[in-house]
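Architecture at a glance
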Amino acid sequence: MSENDAPIPPKKLSDEDQAKVDAYLKSGYNDVERKPFRPFLLLGVILAVLTALSLLSLVIARTKGVV
């Protein structure tokens with residue numbers, strides 16, 4: 001028995017309901033244009049925040065006399 005001979009699963013929706021679902025999906029209501037993902041920008045932001053927090057912790061430690 002090949003893959004083409006597999007039994008067709010029973011329908012879960014009526015033809016009318018399936019047509020409504022298909023029309024909704026083709027309408028593009030949930031399509032959102034997004035800018036491309038820029039991993040190096042994300043890395044730069046993470047490094048900038050990490051550096052700023054590290055410098056802040058050093059300033060706090062120096063003012064409290066820990067360092």
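Right, let's walk through the structure included here. Please read all numbers here as calculations on a predicted model, not as lab measurements.

1. Looking at the overall build of the protein
Helices and strands together make up the secondary structure of the protein, namely two helices and zero strands. Here the C-alpha atoms of the protein give a radius of gyration of 28 Å, more than 25% beyond the 11 Å that 2.2 N^0.38 yields for 67 residues. Overall size of the protein, expressed as C-alpha extent along the three principal axes, is 75 × 35 × 20 Å. Going through the 67 residues of the protein one by one, you find that 1% of them count as buried.

2. Overview of the environment of Ser14
As for its position among the elements, Ser14 is in the segment before α1 (15–27). Overall, the relative accessible area of 37% leaves Ser14 in the partly exposed class.

3. Considerations on the pattern of salt bridges
Under the counting rule described, the total for this entry stands at one salt bridge. With its nearest N and O atoms 3.7 Å apart, the salt bridge here joins Glu16 to Lys20. With Glu16 and Lys20 both in helix α1, this residue pair falls four residues apart, about one helical turn. Exposure remark for Lys20: the relative accessible area of 52% places this residue in the exposed category.

4. Notes on a nonpolar patch on the surface
Together, Leu41, Val45, Val49, Leu53, Leu56 and Ile60 give the surface a local cluster of nonpolar side chains, amounting to about 540 Å² of exposed area. Its relative accessible area of 46% is what places Val49 among the partly exposed residues.

5. Let's talk about α1
The first and last C-alpha atoms of α1 sit 18 Å apart over 13 residues, in line with the 18 Å expected at 1.5 Å per residue. Once α1 finishes, Gly28 follows within two positions and takes phi at roughly 75°, a positive value.

6. Quick notes on the environment of Ala52
Tracing the backbone through its elements, the reader meets Ala52 in helix α2 (residues 39–63). Overall, Ala52 belongs to the partly exposed group, its relative accessible area being 45%. For the pair Ala52 and Val32, spaced 20 residues apart in sequence, the C-alpha separation works out to 34 Å.

7. Focus on α2
With 25 residues, α2 ought to run about 36 Å at 1.5 Å a step, and its terminal C-alpha atoms sit 36 Å apart, in line with that. Looking one or two residues beyond α2, the residue adopting positive phi is Gly65, at roughly 80°.

Conventions used here
Residues numbered from 1 in each chain as written. Predicted model: local features only at pLDDT ≥ 70, side-chain atom pairs only at ≥ 80, totals over all residues. Heavy atoms only, no water. Helix = DSSP H or I, 4+ residues; strand = E, 2+ residues; numbered from the N terminus. Rg over C-alpha atoms; globule rule 2.2 N^0.38 Å. Buried < 20%, exposed > 50% of the residue type's maximum accessible area, 1.4 Å probe, protein only. Salt bridge = Lys/Arg side-chain N within 4 Å of Asp/Glu carboxyl O. Patch = residues over 30% accessible without salt bridge, like charges linked within 9 Å, V, L, I, M, F, W, Y side chains within 5 Å. Areas by Shrake-Rupley, 256 points an atom, 1.4 Å probe, with all protein chains shown as cover. Expected span 1.5 Å × (residues − 1).

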